[in-house]
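Notes for the structure review
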Amino acid sequence: MAPLTSANVTVPTALPTSSTPHQTAPHLAVFFRSVKLPVMPEVAHALIRSLQDRDIPATQVGALIAQDPVLTAKVLRAANGVALGLRREVESLTSAISLLGLTQVRLLALAACMNVSFPAAPGLNRAHFWRNCMACAGYAQWLSEQALLTPSAPRPPLDPQQAWLAGLMLRLGELLIVQSQPQALSLIERQPHVPGSRWAAERKALGFTEVDVTAELAQRWRFPDSLVDALRVAAAPLAWPASSPAHALINPLGGVLHLASHLADLNSASVQASDAPVLAPETLDLLPQDVLTALGLTPQALRAQPPAASCFVDLSVL
């Protein structure tokens, strides 16, 4: 299979950026009037607000999570999976924060909240879906770390932990589409497609993509603007028209999400829900070359530094 480029993906005629006011597209506005938004626990909203506070005390975040005993148990199970290589059992939120760091524990809590906020969708393999989300999150974290280490390119404004969260969220819009238009999505799922073509098929069938829905949902949930902006351009992260310089990313995190989604589709399908995806080295040659170049990445460099298993959280315990 030839390497993918941005030319393989149908893009909208205009893409919103953080410098322009966001206006919901008409098709998307009609869609959101027809669905019931998932209810996030109050603790989740508090955690979302805390994402924008870099100086928040660890004790405050721990206290937020501890308000919900079920959530606390889920976070500790996930934390023990992440900390497996440390040969220490995580028995408390304080211990989890000490071992894994405040940011990681906060992200695990948000992942648990999102996992339980969406009901089972008819016709969708839930285990496979969350396995793909886990893979996308892990690859997004890894790619952002590699982009930050690239000496030959300007350091992009990337946060690996935010990349992990955005990667986890990327496909959440599909769960709302299933709720509203299960037949349309079922038809899309049956189509033979290469990674990335799902977005073009969704846009053709619905007038928008699952990523458009996720971005709008993240906006309504009041996630940080930087994360929302990245989601909005993840399907087509390069500046257009095509005559723009190769390095002209609309949003670096959007570029990372674009690549991470491709890797998740290429590498996550054959593993068990509790396993970290195994990166097949040859799949790196199938990534969109123009987006790789824009981030200063190459398949050769990525093969030399494969993702650590700790990037991937076992979402089956959530």
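Residues numbered from 1 in each chain as written. Predicted model: local features only at pLDDT ≥ 70, side-chain atom pairs only at ≥ 80, totals over all residues. Heavy atoms only, no water.

**A few points about the overall build of the protein chain**
Note the threshold: Put simply, DSSP H or I for four residues or longer makes a helix, DSSP E for two residues or longer makes a strand, and each gets a number counted from the N terminus. The buried label goes to any residue with under 20% of its type's maximum accessible area, the exposed label to any with over 50%, and the partly exposed label to all in between, with areas taken from a 1.4 Å probe on protein chains only. Note on areas: these come from Shrake-Rupley sampling with a 1.4 Å probe, and a residue is covered only by the protein chains present in the view.
Helix and strand counts for the protein chain come out as 16 helices and zero strands. Put simply, the protein chain has 318 residues, and 54% of those count as buried. Element-wise, carbon and sulfur atoms account for 55% of the exposed surface of the protein chain, whose accessible area totals about 14200 Å².

**A short note on the side chain of Gln141**
Going by this rule: Pairs of residues are marked as contacts when any of their non-hydrogen atoms sit within 4.5 Å.
Tracing the backbone through its elements, the reader meets Gln141 in helix H7 (residues 126–149). When near neighbours in sequence (up to four residues on either side) are disregarded, Gln141 contacts Pro160, Gln161, Ala163, Trp164 and Cys311.

**With respect to the state of the cysteines**
Let me state the cut-off plainly: Note on terminology: disulfide denotes any pair of cysteine sulfur atoms within 2.5 Å.
Counted by the stated rule, this structure contains zero disulfides. Free cysteine: Cys133, not disulfide-bonded; nearest cysteine sulfur from Cys136 at 7.4 Å. A residue is classified by how much of its surface remains accessible, and Cys133, at 1% relative accessible area, is buried.

**Examining H7**
As a reminder, the rule being used: How far a helix is expected to stretch is found by multiplying one less than its residue total by 1.5 Å.
In this model H7 runs 35 Å from its N-terminal to its C-terminal C-alpha over 24 residues, within 8% of the 34 Å that 1.5 Å per residue would give. Counted residue by residue, H7 has 19 buried out of 24 residues, so it is predominantly covered.

**Let's talk about the side chain of Lys74**
As for its position among the elements, Lys74 is in helix H4 (residues 69–82). Non-local contacts of Lys74, meaning those with residues more than four positions away in its chain, are made with Ala112, Val116, Val317 and Leu318.

**Considerations on the environment of Glu42**
With respect to the secondary-structure elements, Glu42 resides in helix H2 (residues 42–50). Classification of Glu42 by relative accessible area gives exposed; the value is 53%. For Glu42 and Leu64, which are 22 residues apart along the polypeptide, the C-alpha to C-alpha distance reads 9.5 Å.

**Regarding the environment of Leu170**
You can see Leu170 is positioned in the loop between helix H8 (160–169) and helix H9 (172–180). Between the C-alpha atoms of Leu170 and Thr214, which are 44 residues apart in sequence, the distance is 6.4 Å. If we skip the residues at most four places from it in the chain, Leu170 touches Cys136, Trp199, Glu210, Val211, Thr214, Leu231, Ala234, Leu257 and Ser261.

**A few points about the confidence of the model for the protein chain**
Going by this rule: pLDDT measures the predictor's confidence residue by residue and takes values from 0 up to 100.
Looking at the protein chain as a whole, its pLDDT mean stands at 82, while 83% of the residues score no less than 70. When pLDDT is averaged over each helix and strand of the protein chain, the minimum, 74, is found for helix H10 (residues 182–190) and the maximum, 95, for helix H16 (residues 299–304). Confidence drops under a pLDDT of 50 for residues 1–21, and excluding neighbours within four residues, the segment shows 35 contacts in the predicted structure.

**Describing the pattern of salt bridges**
Close approach of charged atoms lets side chains of opposite charge pair. Definition in use: Salt bridges are defined by distance alone: a side-chain nitrogen of Lys or Arg within 4 Å of a carboxyl oxygen of Asp or Glu.
In total, this model carries nine salt bridges according to the counting rule given. In this structure, Glu174 and Arg171 form a salt bridge, with 2.5 Å as the shortest nitrogen-oxygen distance. Residue classification places Glu174 among the buried residues on the basis of a relative accessible area of 0%.

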